[in-house]
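Structural characterization, general
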Amino acid sequence: MCRPEHFTVTYEINPWMDVSKPVDVAKAVAQWERLRDTFLDLGHTVDLIDPLPGLPDMVYAANGATVVDGVVYGALFTHPERAAEGPAYLQWFADRGYQTHAADHVNEGEGDILTVGGLNLAGTGFRTERTAHAEAAALWGREVVSLELVDPRFYHLDTALTVLRGSDGSAETDIAYFPPAFSDEAREQLEALFPDALLVGEADAEVLGMNAVSDGEHVVLNPNATTYADQLRERGYEPVPVDTSELLFGGGGAKCCTLELRGEPSSTSAASAGATGAASTDALSTGTASR
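These remarks concern the structure in this document. (Residues numbered from 1 in each chain as written. Predicted model: local features only at pLDDT ≥ 70, side-chain atom pairs only at ≥ 80, totals over all residues. Heavy atoms only, no water.)

1. Some words on the overall build of the protein
Put simply, the rule reads: Secondary structure elements are defined from DSSP: runs of H or I of at least 4 residues count as helices, runs of E of at least 2 residues count as strands, and each element is numbered from the N terminus. Taken over C-alpha atoms, the radius of gyration is set against a globule rule of 2.2 Å times the number of residues to the power 0.38. Only protein chains enter the accessibility calculation, which uses a 1.4 Å probe. A residue is then buried if its area is under 20% of the maximum for its type, exposed if over 50%, and partly exposed in between. To measure how exposed things are, a 1.4 Å probe is used in the Shrake-Rupley method; for residues, cover is taken only from the protein chains shown.
Scanning the protein from N- to C-terminus turns up seven helices and twelve strands. Against the compact-globule benchmark of 19 Å for 291 residues, the protein has a radius of gyration of 17 Å, which places it among compact chains. Projected onto its principal axes, the C-alpha coordinates of the protein cover approximately 45 × 45 × 35 Å. Looking at the protein residue by residue over its 291 residues, the buried ones come to 57%. Accessible surface, the protein as shown: approximately 11000 Å² in total, 49% of it carbon and sulfur.

This is the structure we're talking about:
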């Protein structure tokens, strides 16, 4: 995670951003701290990367990279305003002993590449190129399923789909998604792969309710996604509402603020040294934390 010390909206690169609306940085930080504390209270580990001046969207850590089996696929951003975030995140991982790969093709990290069991679901249409899907598949040796997004409000896959179970690579999988965000072909793929998926309505999707974080038992989500929360309870999950309304001005919620770490660094000594380096450590590495 990355503290939103420099969070603001000074440019518009998605439909949620409006430069005419002032941002309350103190409120954004307080909401982010509540999100971090929620993860800690649930028993997870939260590693922090230092925020860099001039990168207001660095708080959306999910976009910084994708980590599968301890191998890090770096982000290569579509918009120049965010370009420096990719190298910053990749360096953080390299300093901690992870095997890193700088992307050759445009992708926006875990915002568009989500792990579900042995698969990776990958969004395209607005930010991430299909060629990046092939690059990721070759890097991890895993199947990557391309899903076309068609509604600009849901410009990343993690704004339209929640991995409820299996985000750590486990065999038991479950997802929820908002069907109108996807092309007809993508919906057919999702229906075939996940016939029992939760289908979420527009009222919950349009508050970025799908941009949620699940550990397989608890689902941290926007408190305004009330029907989605009810659906989750009916399926046996525990909804954990956390207000990230200020961060929504930049187009992100709980999931956008959370990059999940799956697998250990290849160099444990470097990982240990990194814990005492420039980036501070609080204690969500959901792939390696106890559940």
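That shown, we press on.
2. Brief notes about the state of the cysteines
Formally: When the sulfur atoms of two cysteines come within 2.5 Å, that pair is taken as a disulfide.
As enumerated under the stated definition, the model contains zero disulfides in all. Not engaged in a disulfide, the cysteine Cys-2 finds its nearest cysteine sulfur in Cys-257; these two sulfurs lie 9.4 Å apart. No disulfide involves Cys-256; its sulfur sits 6.8 Å from that of Cys-257, the nearest cysteine.

3. A short note on unusual backbone geometry
One non-glycine residue with positive phi stands out, namely Asp-69, at about 55 degrees. With respect to the secondary-structure elements, Asp-69 resides in the loop between β1 (65-68) and β2 (71-74). On the accessibility criterion, Asp-69 (48% relative accessible area) is partly exposed. Of note in this structure, Leu-208 is not a glycine but carries a positive phi near 60 degrees. In this fold, Leu-208 is placed in the loop between α5 (202-205) and β10 (213-214). With relative accessibility at 1%, the residue Leu-208 sits in the buried group.

4. A closer look at a negative patch on the surface
Basically, it comes down to this: A patch consists of residues whose relative accessible area exceeds 30% and which take part in no salt bridge; residues with like charges are grouped when within 9 Å of each other, and nonpolar side chains (Val, Leu, Ile, Met, Phe, Trp, Tyr) when within 5 Å. Salt bridges are defined as contacts in which a side-chain nitrogen from Lys or Arg sits within 4 Å of a carboxyl oxygen from Asp or Glu. For this count, His and the chain ends are skipped, Lys and Arg are scored as positive, and Asp and Glu as negative. For charged residues, the charge sits on one atom: NZ in Lys, CZ in Arg, CG in Asp, CD in Glu.
Negative charge collects at one region of the surface, where Glu-148, Glu-185, Glu-188 and Glu-191 lie side by side. Counting residues per element, the negative patch draws most heavily on helix α4 (residues 184-193), which supplies three residues.

5. Looking at the sheet that holds strand β6 (residues 143-148)
The line we're drawing: Note on pairing: DSSP must find at least two bridges between two strands before they are called paired. Between the N-to-C directions of two axes lies an angle of 0 to 180 degrees, each axis being a line fitted to C-alpha atoms and, for a helix, fitted only over the stretch in contact.
Pairing within the open sheet is mixed, and its three strands lie in the order β4-β5-β6. Each end of this open sheet is capped by a strand with a single partner; those strands are β4 (113-116) and β6. The average undirected angle you get between the axes of adjacent strands in this sheet is 25 degrees. Here strand β5 (residues 119-124) runs beside β6; their pairing, made up of six bridges, is parallel. Counterpart to Thr-124 in the pairing with β6 is Glu-148.

6. A few points about the pattern of salt bridges
Across all of its chains, the model carries 19 salt bridges by this definition. The structure contains a network of salt bridges with shared partners spanning Glu-110, Lys-255, Glu-260 and Arg-262.

7. Overview of the sheet that holds strand β11 (residues 218-221)
Within a sheet, each strand pairs with its neighbour through backbone hydrogen bonds, oriented either parallel or antiparallel. Heads up, the condition is: Only heavy atoms enter the contact rule, under which two residues are in contact if any of them lie within 4.5 Å.
Taken in spatial order, the three strands make up an open sheet running β10-β11-β12, and their pairing is mixed. Bordering the open sheet on either side are β10 and β12 (238-241), each of which pairs with just one other strand. As judged from the four bridges shared by β11 and β12, these two strands associate in the parallel manner. Among the inter-strand pairings, His-218 is bridged to a residue of β12, identified as Glu-238. Strand contacts of helix α6 (residues 226-234): β11 and β12, with the helix running at about 175 degrees to β11, the strand carrying the most contacts.

8. Details of the pairing of β11
Let me state the cut-off plainly: Handedness is read with the strands pointing away from the viewer; a crossover is right-handed when the path from the first strand over the helix to the second is clockwise.
Of the two faces of β11, the one lined by His-218 and Val-220 and the one lined by Val-219 and Leu-221 are each fully buried. Bridge count for β10 against β11 is two bridges, and the pairing is antiparallel. Directly across from Val-213, in β11, lies its bridge partner Val-220. Hairpin connection, β10 to β11: the antiparallel pair is bridged by three residues, and Gly-216 has positive phi, about 95 degrees. This β-α-β element, β11 to α6 to β12, shows right-handed connectivity.

9. Some points on the nonpolar core
The condition is simple: Grouping buried Ala, Val, Leu, Ile, Met, Phe, Trp, Tyr and Cys residues that are joined through side-chain atoms within 4.5 Å yields what is termed a nonpolar core.
Core analysis: the biggest nonpolar cluster contains 40 residues, and Leu-121, Leu-161, Phe-182, Leu-190 and Tyr-228 have the highest contact counts within it. Breaking this core down by element, the ones donating at least two residues are β4, β5, β6, β7 (161-165), β8 (174-177), α4, β11 and α6. Excluding anything up to four places from it in sequence, Phe-182 contacts Leu-147, Glu-148, Leu-149, Val-150, Leu-157, Ala-160, Leu-161, Tyr-177, Arg-187 and Leu-190. Grouped together as the second largest cluster of nonpolar side chains are 18 residues, Trp-32, Val-46, Leu-247 and Ala-254 included.

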